[in-house]
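As a plain string of letters, each chain reads:
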Amino acid sequence: MKKRIFTLICICLLLGLLTSCGTGRVQYKYDRIPGIRLDFYDLRGLKSRPIKGGSFGMMLQNDFLGEDIPRDSWGGEVLFVLFDEETKVLFPVCGDVTCLHEDNSCFAKAMLGAFTCYWNVSEDSIVVVSSSFSREHAGEQTPYTANAYYFSFDGTLLDSVSYDLTALVRADGELIKSPGVITSYATDGERVYLDLADAGDIRNRDGGCNRWLIEYDLSTRQFRTVCNYLVPDMYASFVNICEFTETHIGVEYDRRFGYCIDRTTGEYVETDCTEIFTKAQSAGEAPSDGNIGLILPIKGLIKSNGFPKSTFISMDTGKAVEVSEVESSSYTTIGSLYYEGELYYDVMSPNHEKLWAYQRAEDEEPILISRIFEDGAYSLNSVMLESEKGVIYQYYKVGETYEDEQIIKEINGRDVLCQKAASLVYVEKSDMFDGTVDSPWYYDGETGTFVRPE
């Protein structure tokens, strides 16, 4: 414990020394990586963000501490942590080195309130874009606003920007009746997009329900309304901001309608994809027992769920079209890595137990990475945190799974089945991208650092 406290004190001192260089230009130790696009599912599913200087994300508290956990506490407590790539230190975003991280008075736990919206690191601070956040950390909030909050790494509120949602204008020229909760978020890496509806339209059975797409620019720290668009009803279980180009944004509505929105003018094109897909099924172009799995309004494609591979239907012709493996992966998986400014998608591996297969998005160059390392002793399992220059993986002994990590421990005089803390290893991308892992760094839960064996 003393070693961990000493390590965290050193990190706090390091964060306090962040300054600009003699060039007069601010040099940030931790910052967002431009161009990383995350749609609604990515933001909900990914546990970390690779950032300049390391990684920012969440992990189980017992894994962070390197402590076993009783199985009846499965799931455990979660903390938001920052990984410093230079020092190889992992620490919670909490300024109190004696904090036990027990409740939302700890910012590393309060950050969980931001899990379903946009969160990242930007210019040596944590940014959260949301319709609401913990009052204890964000201060008083004005009802019906979209907000961007900026925090230091100890949870101190540094700045906030609000956008009045009651000033939104409907298609009929009237002001919004009742701003709904913002439930859909996405980012193109430079801007964050929010989608919300006028809850006052919920009883409008004649269609023409109002929605808005709102943009927050991470560089200028300004909100603006991209467009007001009309949807046929208020029955959607989700709205997914799914595509970005320099000129347009694609939104899919409830796997039924697609909206291609002009980023500059706010004009949009609505496509009834259910009608197109039903006709494609009748014509034998789509699986008769399939359903719509994804709508891509800018690409003009409708993806049908299917096995062993998905079918893509053209919105223009209603016919099946060929899509490359890497393009299909980019639409259907959150399995990707960023390396030296390039994006690589996880594709079907010829031997998934021993190999990861990636293809570079730009030219589909294949990359095979061995999961097996240390002369066949260990196997990389799931990604815990992706950083700018590496990946933190959970790993097992070859042939073992999480079930082999269960042990019996005596707790308060009784035998309790416990799950061992995850074994973590940091691998530099430059190391793994030659196909094999040769120089891993192993996690020491007592100090919160990754070290190489002596």
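Residues numbered from 1 in each chain as written. Predicted model: local features only at pLDDT ≥ 70, side-chain atom pairs only at ≥ 80, totals over all residues. Heavy atoms only, no water.

A few points about the sheet that holds strand S10 (residues 157-164)
- Pairing is antiparallel across the open sheet formed by four strands, whose spatial order is S7-S8-S9-S10. The strands lining the two open edges of the sheet, one partner per strand, are strand S7 (118-121) and S10. Direction aside, the axes of adjacent strands within the sheet are offset by 10 degrees on average.
- As judged from the seven bridges shared by strand S9 (residues 145-151) and S10, these two strands associate in the antiparallel manner. Looking across to S10, one finds that alanine 148 is bridged to valine 161. (Pairing = 2+ DSSP bridges. Helix = DSSP H or I, 4+ residues; strand = E, 2+ residues; numbered from the N terminus. Axes fitted to C-alpha atoms, helices over the stretch in contact; angles between N-to-C directions.)

What to know about the packing of aromatic side chains
- Under the criterion given, the structure shown has 25 aromatic pairs.
- A centroid spacing of 5.1 Å and a plane angle of 50 degrees characterise the contact between tyrosine 229 and tyrosine 259, whose relative ring orientation is tilted. Placement of the pair is tyrosine 229 in strand S14 (residues 222-231) and tyrosine 259 in strand S17 (residues 257-262), with a sequence separation of 30 residues. By the burial criterion, tyrosine 229 is buried, and tyrosine 259 matches it.
- Between tyrosine 443 and phenylalanine 450, the aromatic rings sit 4.9 Å apart at their centres with planes inclined by 45 degrees, giving tilted as the arrangement.
- Under the relative-accessibility criterion, phenylalanine 450 is labelled buried at 2%.
- Chaining the aromatic ring pairs together yields one cluster made of Phe83, Tyr426, Tyr443 and Phe450.
- The cationic tip of lysine 88 hangs over the ring face of tryptophan 441; the distance from NZ or CZ to the ring centre is 4.7 Å.
- Over the face of the ring belonging to tyrosine 150 we find arginine 221, whose NZ or CZ atom lies 3.6 Å from the ring centre. (Phe/Tyr/Trp six-rings, centres within 6.5 Å; stacked < 30°, edge-to-face > 60°. Buried < 20%, exposed > 50% of the residue type's maximum accessible area, 1.4 Å probe, protein only. Lys NZ or Arg CZ within 6 Å of the ring centre and 35° of its normal.)

Concerning helix H6 (residues 273-282)
- Buried within H6 are the following residues: Cys273, Ile276, Phe277 and Ala280. Looking straight down H6, one finds that the buried residues subtend no more than 95 degrees of arc, so they occupy a single side. Facing away from the buried side of H6, by more than 90 degrees, are the exposed residues Lys279 and Ser282.
- Where H6 begins, one side-chain oxygen reaches toward the backbone nitrogen of threonine 274, 3.2 Å away; that side chain belongs to aspartate 272.
- Phi turns positive one or two residues past the end of H6, at glycine 284, with a value near 80 degrees. (Arc of directions from axis to C-beta. Polar contact = N/O pair within 3.5 Å; in protein donor to acceptor, adjacent residues only side chain to side chain.)

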